[in-house]
Every structure is written in structure tokens, then in C-alpha cells.
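Each chain is listed here by its residues.
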Amino acid sequence: MSGDDKRVLISGGGPVGLLCAWLLGRRGVPVRLFDLNDAPQADPRAATTHPATLDLLSEDGLDQDMARVGLVAPIFQFWDRPSGELIAEFDHTVLKNDTRHPFVVQCEQFKTANLLLERLRKVPNVEVLYGHEVVGVTQGAGSVSVEVRGPQRVTSHSGAYVIGADGGRSTVRKQADIKFDGFTWPERFIVLSTPFDFQAHYGYAFRSYFADPGEWCNCFKVSADGPPGLWRTVYPANPSLTEDDILSDNGVQARIQSFFPSDRAYEIVHRNLYLTHQRVAETFRKGRVLLAGDSAHVNNPIGGMGLNGGIQDGVNLADKLARVLTGGEPDTLLDLYDLQRRTVAVEFVQEQSIANKNRLEASDPETRKKNLDELRAMAADPERARQFLLRTAMIASQRRADSLELAAAK
Ligand SMILES: Cc1cc2nc3c(=O)[nH]c(=O)nc-3n(C[C@H](O)[C@H](O)[C@H](O)COP(=O)(O)OP(=O)(O)OC[C@H]3O[C@@H](n4cnc5c(N)ncnc54)[C@H](O)[C@@H]3O)c2cc1C
């Protein structure tokens, strides 16, 4: 094969597309990546990076750089909002024999993207074209081509495979006619960032979850531009309010004050509203089209699993594509990618993220009591806490994916 025949085209330069480009480039595969924006997006989305994901990112010290520019958070807490009681505290240290990273790293996704971009500049066979939107995908027998709208004109590019890493509204997925079944939550999720120090004032850990009948809140710290950092609070928005009302000064103060009453107005650094879905693509591979990250699966952010799943897709896919393109292995290996990653998206990420939301917002008194008692009991028993954390830290899902590869090798 010539260089062009082996090229991988990537639509989307979010963290997942950049990771795929970097890992493929390092393994000698030529890559051309397109992103419609001019740079990685800086809105306040993912930060929580779980142990299983960090274990996959040690190449070239990426995990250490993420910890350096982010925050190390070994502990997370569940609070009951009506009583103000700390229900349970989980310490990832119980996973010390299960992972090289018995902690979470809170690293904002634009920082992860920038760390990847820095590394990509050192890989000569990778081209990154910002300001370029993929608008069409056509598959042939031995190649795939994409139409790309650039600053001047539309151009055509061909390669061996295309990776759709272009987010939840993926053009690649739509062009390949791959269904994206699931549902959309009726309430949007509002993210408010503030420099108010919730640890100093209330003793909240860097990741704290609040249960409340019909409502919930995630409160977590990010390092932002350096000390003292920012706290992000995430809540359901009232579906009957307009976007303008929700994001108005009065609206955001009412939202944050309802959970954390104060006689002073909060300084709000970011205010963002997100429509949130639970969807999984019907396949992550259709011929020469491969999906990874949000283009393949989306879920609510409670528990911080979306980008983690996307990074795990990216590592798995880059490894298999490199083995096919430079190692001469059969391309049925890519079906295994679909099997492994789609299975864990459905069995673990969808199930866990929906359960996380249900647990926090349960309103039936008996169900609430059962949920909170269960959290207390798990936190009090080191082996039950470990089993719980294996799932939340996404180690159980990685093990499930590994077991599918082992079974396929037999
Ligand atoms: C409030 C909130 C909090 C979250 N917190 C967490 C968390 O703590 N942990 C976690 O794991 N996940 C979290 N997530 C989920 C996480 O943000 C996403 O899973 C993540 O952004 C997916 O990365 P991606 O690279 O697949 O897609 P994206 O980040 O969406 O990137 C897609 C890229 O594709 C580009 N693009 C789109 N269309 C085209 C096109 N046609 N041509 C070229 N380029 C295109 C876009 O410009 C963009 O750069 C959170 C989400 C939200 C909303």
C-alpha cells in the first residue's frame, strides 16, 4: 500500500479525534484530521478522568501531564440535600491493587485536547486542518473519501478509513446512515462555575453529588487557570423556563442559591445549558467508516463517563487500525472494536449513567431511603466499596471489553 492508501481520515478534533490522530501517527499511520472550528472548544464540559482511562494514557507521560494541569481527586461524596447529611464517602485508594491510578484526575477537556495538540506537532505524518468541515462521506471497495468545506472551497480527500469523532451530531454517522437510537432528557442541564470555595465553606470533596427529590446537583472542582481554581455546579433546569430565563443573572442566582443558600450573590464565571441524551449508534463500524466518542454514544454527565468512554474507544480503535494498516492483520479486527466498545457502552455506560441520575433524583420516600441506606452500607464495607468503585471508575467495563478480546482470540 502507498502512504495515501493507508491514510486515516478523521472528522473532529475534539479530545477523541486528537487522541486517535496522535496514537495512529506514533504508530506510523498517515493521518489527516479535519475540524470545523479553529481550535479545541473551551466550554465547561468533561473534567473527570477515571482510573481505567488514566491507565490507558501513560504513553509519553500524558496521564502525568493531565494530573499536573488538573487536580488529583481520590475521594467523592454523596450528600442528602434536604437533611444536609453526608451520606457516604468513597476513597479510590481501595482500588490500589486494581489500577495504577487509584484516584480521579479532574482535567478540563480543552486541556487534554491541548496536551494532545502539543504532542501531535511532533508527529510528522499527521495533518491537523482546523476550519475544515466534513460535509460528505463516500465509501468505495478499496477506499473511502470525504468532502470537506474549507475556508476557500470544497475539496475531496481519500483514505483507507474514516473515523467519525465529530461529536453527538456526527456528520460521518449520518452520512453512513447509522441509526442513533435512544432518548433525550426533557430537562436541560445547567452548568454554573464559580470561584466560591465549597471545600473551605462546607467541607465538600472535589467531587460531591447531592440527592434531592426530583432534583440533584453535582459540585466539583477544576483547576482552571491556576489556584484557587473554580467549582462547577451542574443541575437540572426547569423545563418550563426559557433559555433566556434560565441563563439570566436572576435565573442563575436562583438556581445556585436554591442548593447553596448565601446572603451574598455568587460570582458566576461560566453559565452553559446542555441538551442531554442517552443514545448508542447501532454499529461503531460500517465498512470503512468507524465511530468513536460522542459520535458513537452519548449519555448524561452524572458520573463523568462520556469522554472517558470516548478515550477508551480511541485507544482501542487506534491500536486495531494500526495493526490492520501497518501490521497486516485482517480488517475483521475492526468488528471486534465494534463488539467490545458497543457492548460496554450499552451494558455499562448507559446503564450506570441512567442509574446515577435516578439515584440522585428519586422522589418516592421509600426508594430514597433504600438508595441512601445502600450508599451508606457500601461506603462502610471496604469490599463492597471496592466493587462499587470498580464500576464507577470504569475498570469493570474495561475488564469486560478485555474479556471479549480474549474470547475472540480463542
Ligand atoms: C456538562 C457536561 C459535563 C461533562 N462532564 C464529563 C466528565 O466529567 N467526564 C466525561 O468523561 N465526560 C463528560 N462529559 C461528556 C464529554 O464532554 C463528551 O463525551 C466529550 O466532549 C466527547 O468528546 P468527542 O471528542 O467525542 O466529541 P466533541 O468534544 O464533541 O468534539 C467533536 C469535535 O468535532 C468537530 N466537528 C463536529 N462536526 C464536524 C464536521 N462535520 N467536520 C469537522 N469537524 C466537526 C467539533 O468542532 C468538535 O471539535 C460532559 C458533558 C457535559 C455536557
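Structure: see above.
Calculation rules
Residues numbered from 1 in each chain as written. Predicted model: local features only at pLDDT ≥ 70, side-chain atom pairs only at ≥ 80, totals over all residues. Heavy atoms only, no water. 1 Å grid on protein atoms, 1.4 Å probe; cavity = no way out; pocket = protein on both sides within 12 Å on 5 of 7 lines; lining within 4 Å. Points joined across faces, edges and corners; volume = space filled by probe spheres on them. Helix = DSSP H or I, 4+ residues; strand = E, 2+ residues; numbered from the N terminus. Nonpolar A, V, L, I, M, F, W, Y, C, P; charged D, E, K, R; others polar. Pairing = 2+ DSSP bridges. Near = heavy atom within 4 Å. Polar contact = N/O pair within 3.5 Å; in protein donor to acceptor, adjacent residues only side chain to side chain. Areas by Shrake-Rupley, 256 points an atom, 1.4 Å probe, with all protein chains shown as cover. Salt bridge = Lys/Arg side-chain N within 4 Å of Asp/Glu carboxyl O. Buried < 20%, exposed > 50% of the residue type's maximum accessible area, 1.4 Å probe, protein only. Axes fitted to C-alpha atoms, helices over the stretch in contact; angles between N-to-C directions. Parallel < 35°, antiparallel > 145°, perpendicular 65-115°, else oblique. Contact = heavy atoms within 4.5 Å. Core = buried A, V, L, I, M, F, W, Y, C linked by side-chain atoms within 4.5 Å.

Engineer: Would you mind showing me how to read empty space enclosed by the protein here?
Structural biologist: If a probe as big as a water molecule is rolled over the atoms, it shows which places are left empty. By the definition in use, this model includes 4 cavities of 30 Å³ or more. Of the pockets and cavities examined, the largest cavity occupies roughly 100 Å³. If you go around the largest cavity, the residues you meet are Phe76, Phe78, Arg207, Tyr209, Ile302, Gly303, Met305, Asn356, Arg359, Leu360, Phe388 and Thr392. Those elements that place two or more of their residues in the lining of the largest cavity are β5 (75-80), β15 (207-212), α10 (333-361) and α12 (382-392). Partitioning the lining of the largest cavity into residue classes produces 7 nonpolar, 3 polar and 2 charged. Within this model, the second largest cavity holds a volume of roughly 60 Å³.

Engineer: What exactly am I supposed to notice about the pairing of strand β11 (residues 154-159) here?
Structural biologist: Two faces make up the sheet, and in a regular strand the side chains alternate between them. Where strand β10 (residues 144-149) meets β11, 6 bridges bridge the pair, whose relative direction is antiparallel. Residue pairing across strands places Ser145 opposite Ser158, the latter belonging to β11.

Engineer: Teacher, can you tell me more about the site of the ligand here?
Structural biologist: What surrounds the ligand is a group of 32 residues, the closest being Asp35, Asn37, Gln109, Asp294 and Leu307. Between the ligand and Thr171, the relevant distance is 3.1 Å, taken from a nitrogen atom to a side-chain nitrogen or oxygen of the residue. The protein chains hide 91% of the 1,000 Å² of surface that the ligand would expose on its own. Contributions of two or more residues to the shell around the ligand are made by α1 (15-26), β2 (31-35), β9 (133-139) and α9 (306-327). If you tally residues by element for the shell around the ligand, the top one is α9, at 3 residues. Here the shell around the ligand is built from residues that sort into 13 nonpolar, 14 polar and 5 charged.

Engineer: Any chance you could explain the pattern of salt bridges here in plain terms?
Structural biologist: If the charged atoms of two oppositely charged side chains come close together, the side chains can form a pair. In this structure the tally under the stated criterion is 34 salt bridges. Arg32 is paired through a salt bridge with Glu127; the nearest N and O atoms lie 2.9 Å apart. Within this pair, whereas Arg32 is found in strand β2, its partner Glu127 is found in strand β8 (residues 126-130), the two being separated by 95 residues in sequence. Residue class for Arg32 comes out buried when judged on its relative accessible area of 16%. We note a salt bridge from Arg323 to Glu329, for which the minimum N-O separation is 3.1 Å. Owing to a relative accessible area of 24%, Arg323 belongs among the partly exposed residues under this scheme.

Engineer: It is not clear to me how the sheet that holds β10 should be interpreted in this structure. Could you clarify?
Structural biologist: Pairing between sheet strands relies on hydrogen bonds along the backbone, with the strands arranged either parallel or antiparallel. Read across the sheet, 3 strands follow the order β9-β10-β11 without closing on themselves; strand pairing throughout is antiparallel. Both outer strands of the open sheet, β9 and β11, are each paired with one neighbouring strand and no more. The mean inter-strand angle of the sheet, taken between neighbouring strand axes irrespective of direction, is 25 degrees.

Engineer: Teacher, can you tell me more about the packing of α10 against α12 here?
Structural biologist: The packing of two helices is summarised by the inter-axis angle and the distance between the axes. Following both chains from N to C, one finds α10 and α12 inclined at 115 degrees, their axes separated by 10 Å at the closest point. In this view, α10 runs roughly perpendicular relative to α12, as classed from their interaxial angle. Counted together, Glu347, Phe348, Glu351, Gln352 and Arg359 of α10 and Phe388, Arg391 and Thr392 of α12 form the full contact between these two elements. The class makeup of the residues in the contact of α10 with α12 is 2 nonpolar, 2 polar and 4 charged.

Engineer: Which parts of the structure should I look at to understand the sheet that holds strand β3 (residues 48-49)?
Structural biologist: In space, the 3 strands of this open sheet follow the order β3-β7-β4, with antiparallel pairing throughout. With partners counted over all chains shown, the strands left at the sheet margins are β3 and β4 (71-73), one partner each. Examined bridge by bridge, β4 and strand β7 (residues 104-106) share 3 bridges and lie antiparallel to one another. The partner of Leu71 across the bridge, within β7, is Gln106.

Engineer: Help me understand the pairing of strand β12 (residues 161-164) in this model?
Structural biologist: Residues Tyr161 and Ile163 of β12 are buried on one face, and the alternating residues Val162 and Gly164, pointing to the opposite face, are buried as well. Inspection of the sheet shows strand β1 (residues 8-11) paired to β12 by 4 bridges, in the parallel sense. Bridging across to β12, Val8 finds its partner in Tyr161. Bridging between β12 and strand β21 (residues 289-291) involves 3 bridges; their strand directions are parallel. Bridge pairing links Gly164 to Leu291 in β21.

Engineer: How should the nonpolar core be read in this particular structure?
Structural biologist: Side chains of a nonpolar character, in soluble globular proteins, are inclined to be buried together. Ile10, Leu24, Ile163 and Leu321 are the most contacted members of the largest nonpolar core, which totals 66 residues. Ranked by residues supplied to this core, first place goes to α9 with 9 residues. Ignoring any residue separated from it by four or fewer positions in sequence, one finds Ile163 in contact with Val8, Leu9, Ile10, Ser11, Cys20, Leu24, Leu290, Ala292, Leu317 and Leu321. Residues Ile87, Ala211, Leu375 and Leu389 belong to the second largest nonpolar core, which totals 34 residues.

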